[in-house]
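Observations on the model geometry
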Amino acid sequence: TRAGAEHCLAPMTTAPQPRVSIIIPVYNEEAILQTAVVDLIDRLREFDWTYELCLAENGSTDRTVAVGEELAARFPQVSIRSVGAPNYGLALRRGIIGARGEFVICDEIDLCDTDFYRRALEALESGQADFVVGSKVMAGASDERPLFRRMGTVVINGMLRVALGFRGTDTHGLKAFRRASVVDVANACLVDKDLFASELVIRAERGGVRMLEIPVRVLEKRPPSIGLTRRVPNVLKNLARLFIAIRIRG
């Protein structure tokens, strides 16, 4: 039920603190949610760290909430928290702020890339970086999405470099970071929806957080929940807001 999902917004303070918090935004994922989560939990058995898996639900109109609650009842490490509206960035932000682990991994339900988890946590635990971004476009990466989606990434990253001075190669997708180094950055972010992830990376970069990009393979399990063309107006509006906030106000 929606009420049950909202109730899960409260942190589960009685459970032992996990080493890692995995945050996965979900929107209308009824078709793949159970299979993806069960498969991810099975693959996480190879790691020796404790974790919590937070499904950051945002405005689904199918049975995503019900499936998520069933998974939370079945697996104590799983929780589902809902923001009640279709807002990827807001759900991800609240997931980060509410995370209890020393390290936070932001993933996508159609990726669940545990190889990225391994490589990113090695970099974080060794002190090589405090924020690791999985890049779809740097040397060594493999982006197997349709051409239209790949070109969208190239265009938005180019706009971020020109408008905001972004120095990296990618902002959206897989990320991992030391929570203490990034939670204040998340709190300072002004935009939500599609550009929250980009603002988080850019603000962290500009704020002196030690950044590292590593190449990833992207092979999505299903088409995006919201079409790229439908997202363009909001992306442009939030890009203008970010330009004013970061370039003009500082």
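In what follows, the structure referred to is the one given above.
As the structure is a computational prediction, the values presented were derived from the model and not from experiment.

1. Concerning the layout of surface pockets
Considered as a void within the structure, the second largest pocket measures approximately 160 Å³ in volume. Leu 111, Asp 113, Asp 115, Arg 119, Pro 215, Val 216, Arg 217, Val 218 and Leu 219 are the residues that line the second largest pocket. For the lining of the second largest pocket, a count of residues per class yields 5 nonpolar, no polar and 4 charged.

2. Digging into the sheet that holds strand β2 (residues 51-57)
Spatially, the 7 strands line up as an open sheet ordered β3-β2-β1-β4-β7-β5-β8, and their pairing is mixed. Each edge of the sheet is formed by a strand with only one pairing partner; in this case those strands are β3 (78-82) and β8 (211-215). Each neighbouring strand pair of the sheet contributes to a mean axis angle of 20°, computed without reference to strand direction. Alignment of strand β1 (residues 20-26) against β2, held across 7 bridges, turns out to be parallel. In the strand pairing of β2, Ile 22 is matched with Leu 53. The strands touched by helix α3 (residues 64-74) are β1, β2 and β3; relative to β3, the strand with the most contacts, the crossing angle is about 150°. Its contacts with the sheet put helix α4 (residues 88-98) on β1, β2, β3, β4 (103-106) and β7 (175-178), and the angle it makes with β1 is roughly 165°.

3. Looking at the pairing of β3
Among the 5 residues that make up β3, 5 are buried, leaving the element largely enclosed by the rest of the structure. Burial of the side chains of β3 extends over both faces: Val 78, Ile 80 and Ser 82 are buried on one face and Ser 79 and Arg 81 on the other. Taken together, β2, α3 and β3 form a β-α-β motif whose crossover is right-handed.

Quick notes on the rules
Residues numbered from 1 in each chain as written. Predicted model: local features only at pLDDT ≥ 70, side-chain atom pairs only at ≥ 80, totals over all residues. Heavy atoms only, no water. 1 Å grid on protein atoms, 1.4 Å probe; cavity = no way out; pocket = protein on both sides within 12 Å on 5 of 7 lines; lining within 4 Å. Points joined across faces, edges and corners; volume = space filled by probe spheres on them. Nonpolar A, V, L, I, M, F, W, Y, C, P; charged D, E, K, R; others polar. Pairing = 2+ DSSP bridges. Helix = DSSP H or I, 4+ residues; strand = E, 2+ residues; numbered from the N terminus. Axes fitted to C-alpha atoms, helices over the stretch in contact; angles between N-to-C directions. Contact = heavy atoms within 4.5 Å. Buried < 20%, exposed > 50% of the residue type's maximum accessible area, 1.4 Å probe, protein only. Right-handed = clockwise from strand over helix to strand, strands pointing away.

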